[in-house]
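Geometric and topological summary
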Amino acid sequence: MDRSPTLDDKTDELYDNAEIAHHGSLYENASSPDSGVHPNLTDPVEQARQEEEWKRELAEVEEDIQTLRQTLSTKIRRTQDLKQKLGITPLQEFQHDLQSGLKTVTESGVVQKTQEKIVELNSTIQHSDVYVLNI
């Protein structure tokens with residue numbers, strides 16, 4: 001039975017790719033600002049210290065992300081509760097979003113220019129000799 005790749009699988013893949021790049025078996029010059037390979041860290045002790053610092057920072061960032069997700073989830077539940085108390089239904093929200101979207105599209109520069117060109121083309125056609133003769 002196939003299973004979907006998990007975040008851990010993707011993380012392992014990232015680390016595997018970094019190892020390949022680090023050892024140079026795939027890339028001749030694998031160092032770049034985003035590659036994680038830093039050629040100036042030739043000292044193994046310094047490299048290990050730097051990797052530990054990055055792991056610590058990664059753990060802090062992941063913890064921050066989890067906190068933000070929890071905060072967002074709480075705020076979404078509160079929003080839903082307030083909307084329910086105000087009698088705002090999902091259908092009303094959908095209608096409002098649809099109306100807002102249509103308004104944004106119709107007021108966009110592209111639509112305005114297209115409408116102007118259609119009016120101009122219609123006028124040109126109506127004033128042409130061929131159009132006047134066929135009426």
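Calculation notes
- Residues numbered from 1 in each chain as written.
- Predicted model: local features only at pLDDT ≥ 70, side-chain atom pairs only at ≥ 80, totals over all residues.
- Heavy atoms only, no water.
- Helix = DSSP H or I, 4+ residues; strand = E, 2+ residues; numbered from the N terminus.
- Buried < 20%, exposed > 50% of the residue type's maximum accessible area, 1.4 Å probe, protein only.
- Patch = residues over 30% accessible without salt bridge, like charges linked within 9 Å, V, L, I, M, F, W, Y side chains within 5 Å.
- Areas by Shrake-Rupley, 256 points an atom, 1.4 Å probe, with all protein chains shown as cover.
- Salt bridge = Lys/Arg side-chain N within 4 Å of Asp/Glu carboxyl O.
- Expected span 1.5 Å × (residues − 1).
- pLDDT = per-residue confidence, 0-100.
- Contact = heavy atoms within 4.5 Å.

On to the overall build of the protein chain. When helices and strands are tallied, the protein chain shows five helices and zero strands. Secondary structure elements of the protein chain occur, N-terminal to C-terminal, as α-α-α-α-α. Scored against the burial criterion, the 135 residues of the protein chain give a buried share of 5%.

As a further point, take a nonpolar patch on the surface. Nonpolar side chains collect at one region of the surface, where Leu91, Phe94, Leu98 and Leu102 lie side by side and expose about 430 Å² of accessible area between them. Relative to the assigned elements, Phe94 resides in helix α3 (residues 90-106).

Time to look at the pattern of salt bridges. On inspection of all chains with the given rule, the structure shows seven salt bridges. As a salt-bridge pair, Lys55 and Glu52 come within 3.9 Å of each other at their nearest N and O atoms. Of the two residues, Lys55 and Glu52 both sit in helix α2 (residues 44-86), three residues apart, roughly one turn of that helix. Across the pair Lys85 and Asp81 runs a salt bridge, and its minimum N-O distance is 3.5 Å. Here the residue Lys85 and the residue Asp81 both occupy positions in helix α2, the gap between them amounting to four residues, near one helical turn.

Next up on the list: α2. Taking 1.5 Å per residue as the helical rise, α2 with its 43 residues ought to reach 63 Å, and the 62 Å between its terminal C-alpha atoms agrees with that figure. One or two steps after α2, the chain reaches Gly87, where phi turns positive at roughly 80°.

Mean pLDDT over the protein chain stands at 80; residues scoring 70 or higher make up 66%. The spread of mean pLDDT over the elements of the protein chain runs between helix α1 (residues 7-23), the lowest at 51, and α2, the highest at 97. Taken as a whole, residues 18-30 scores under 50 in pLDDT and shows nine contacts with residues more than four places along the chain or in a different chain.

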